[in-house]
Amino acid sequence: MFSLGKLKLRSNLFLSPLAGYTNLPFRLVIREIGGVDLCTTDLVNARSLLEKNPKAIKLIETNEADSPLSVQLFGGVPEEMRDAAVYLESVGMCSVDVNMGCPVRKVVKTGGGSAMMTELAKTQKLVRGMVDALNIPVTAKMRLGWDDDNLTAPDLAHALEDAGIAAIFVHGRTRA
């Protein structure tokens, strides 16, 4: 038994988000193979989810066999991230994961993805707002840092722990 905040899991193996792959059919195949318990969706833009964009809604598509499920959100606006997370909890998601690792320019320029690793106090405040608004666990996926000269993961991990994050998953390389 493994605990992620209040969420009790049968396994300590997780399906990480992978852009373009971790849709509902893929997750169901992985669950059928076995061993994994918590699966995570592809990254979802918080603003698009709040606007009920059909592409965002498709990314969070699920069914009764696809549980427990976490949705990975990205965005740099605290209120949007909080409100999208509250919406996800209201539709039955088990956990919300904050993307702090995506290096793609269109994500980073919004203040999301790996850009979050460069502003620790701002990121901590954003995560605290999400944690305080939810009854489900909030996790984060991050990299080691922006580049070899800015390895911020240890300091960010401490800041996120203080904000109440349930778990941190580290992609063991920098954004660069």
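Placed above this text is the structure.
All residue numbers refer to position in the chain's written sequence, counted from 1. Since the coordinates come from a predicted model, pLDDT governs what is reported: local features require at least 70, and pairs of side-chain atoms require 80 or more to be given and counted, while whole-chain, interface and lining totals use all residues. Just so you know, side-chain values use all the structure's heavy atoms and leave hydrogens and water out.

### Some words on the side chain of Arg 143
Only DSSP runs of H or I with at least four residues qualify as helices, and only runs of E with at least two residues qualify as strands; both kinds are numbered from the N terminus onward. Topologically, Arg 143 is positioned in strand β7 (residues 138-143). No salt bridge forms around the buried Arg 143; measuring N to O, its nearest opposite-charge neighbour Asp 148 is 11 Å away. Between N or O atoms, a polar contact is any pair within 3.5 Å; within protein, one atom must be a potential hydrogen donor and the other a potential acceptor, and residues adjacent in sequence are included only when both atoms are from side chains. Engagement of the side chain of Arg 143 in a polar contact is seen with the backbone oxygen of Gly 101, the distance being 2.5 Å. Ignoring any residue separated from it by four or fewer positions in sequence, one finds Arg 143 in contact with Met 100, Gly 101, Pro 103, Met 117, Ala 153, Val 170, His 171, Arg 173, Thr 174 and Arg 175. Relative accessible area decides the class of each residue, using a 1.4 Å probe on protein chains only: under 20% of the type maximum gives buried, over 50% gives exposed, and in between gives partly exposed. The charged-residue count follows a simple rule in which Lys and Arg add positive charge and Asp and Glu add negative charge, with His and chain termini not counted at all. Criterion for a salt bridge: a side-chain nitrogen of Lys or Arg within 4 Å of a carboxyl oxygen of Asp or Glu. The contact definition used throughout considers only heavy atoms, calling two residues in contact when any of these lie within 4.5 Å.

### Some words on the sheet that holds β7
Pairing between strands is defined by DSSP: at least two bridges between them are needed. The six strands lie next to each other as β3-β4-β5-β6-β7-β8, forming an open sheet whose pairing is parallel. Two strands close off the open sheet at either side, each with one partner strand: β3 (14-15) and β8 (167-171). Here β3 pairs with strand β4 (residues 38-45) via two bridges, running parallel. Following the sheet pairing, Leu 15 is matched in β4 by Cys 39. Across the face of the sheet, helix α1 (residues 24-33) comes into contact with β3, β4 and β5 (69-74) while running at roughly 165° to β4. Contacts between helix α7 (residues 153-163) and the sheet are confined to β6 (95-100), β7 and β8, with β7 contributing the most and set at about 170° to the helix. Axis definition: a line fit to C-alpha positions, over the contact stretch in the case of helices; interaxial angles, taken between N-to-C directions, run 0 to 180 degrees.

Honestly, that's just the spatial picture; any functional story needs more than this.
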